[in-house]
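# Coordinate analysis (summary)
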Amino acid sequence: GGLSAVIYTEVMQAVVLVAGGLGLLGVGLSKTGGLSNLLRNIDSDKTHLFEPSSHADFPWTGVIFGLPFTAIYYWCTDQVIVQRVLSAKNQGHGRLGCVCAGY
């Protein structure tokens, strides 16, 4: 019980999530004809992180000014992150837990 049960559960969930993600990647790449075919046929309009401020769905202003607020919420108030930091042996382990939670 307690925090050790939470940690073991998280480790098992991480294994399932990574395995599922890799499996989904494999299925997706096989449906598109492989990575080279995907890269050859991808629409160049979908490969930009920073769109013009006039873009209807994803302007650069949202990335620059909106994303930091979302990041502050995630890294400072999300229970998973707070729990990892508070249960760490030292500051280095706390930082490593946060970095691993980001992936």
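Residues numbered from 1 in each chain as written. Predicted model: local features only at pLDDT ≥ 70, side-chain atom pairs only at ≥ 80, totals over all residues. Heavy atoms only, no water.

### A look at the overall build of the protein chain
Where we set the bar: Helix numbers and strand numbers start at the N terminus; a helix is a DSSP run of H or I with at least 4 residues, a strand a run of E with at least 2. To get the radius of gyration, use the C-alpha atoms; to get the globule rule, take the number of residues to the power 0.38 and multiply by 2.2 Å. Per-residue accessibility, obtained with a 1.4 Å probe over protein chains only, is compared with the maximum for each type, and a residue is labelled buried under 20%, exposed over 50%, and partly exposed between these values. It only takes one pair of heavy atoms within 4.5 Å for two residues to be counted as in contact. To measure how exposed things are, a 1.4 Å probe is used in the Shrake-Rupley method; for residues, cover is taken only from the protein chains shown. When charges are counted, Lys and Arg are positive and Asp and Glu negative, with His and the chain ends excluded. To locate a charge, the coordinates of NZ of Lys, CZ of Arg, CG of Asp or CD of Glu are taken.
If you tally the helices and strands in the protein chain, you get five helices and zero strands. Listed N to C, the secondary structure of the protein chain is α-α-α-α-α in terms of helices and strands. Here the C-alpha radius of gyration of the protein chain, 19 Å, is well above what a compact globule of 103 residues would show, namely 13 Å. If one aligns the C-alpha atoms of the protein chain with their principal axes, the spans along those axes are about 50 × 35 × 20 Å. Per-residue burial over the protein chain gives 9% buried out of 103 residues. Within the protein chain, residue pairs in contact and separated by at least 24 positions form 22% of the contacts whose partners lie at least 6 positions apart. Just so you have it, the protein chain exposes about 8,300 Å², and 68% of that area is on carbon and sulfur atoms. Taking the average place of the 6 positive charges on the side chains of the protein chain and the average place of its 6 negative ones, the gap between the two points comes to 13 Å.

### Comments concerning the side chain of glutamate 51
Topologically, glutamate 51 is positioned in the loop between helix H2 (35–41) and helix H3 (60–77). Judged by relative accessible area, glutamate 51 falls into the buried class, the value being 14%. Residue contacts for glutamate 51: discarding those within four places in its chain leaves Asp45, Phe58, Pro59 and Trp60.

### With respect to the packing of aromatic side chains
Note the following rule: Classification of ring pairs rests on two measures: the distance between centres of Phe, Tyr or Trp rings, Trp counted by its six-membered ring, which must be within 6.5 Å, and the angle between planes, read as stacked under 30 degrees, edge-to-face over 60 and tilted in between.
Going through the model one piece at a time under the given rule, you end up with one aromatic pair. Residues tryptophan 60 and phenylalanine 65 carry aromatic rings whose centres are separated by 6.3 Å and whose planes lie at 50° to one another, so their mutual orientation is tilted. You can call tryptophan 60 partly exposed: its relative accessible area is 35%. Phenylalanine 65 sits in the exposed class, given a relative accessible area of 54%.

### Some thoughts on the confidence of the model for the protein chain
Using the following cut-off: You can read pLDDT as the predictor saying how much it trusts each residue, on a scale of 0 to 100.
When pLDDT is averaged along the protein chain, the result is 86; 97% of the residues meet or exceed 70. The least confident element of the protein chain is helix H4 (residues 79–86), whose mean pLDDT is 79; the most confident is helix H1 (residues 2–32), at 91.

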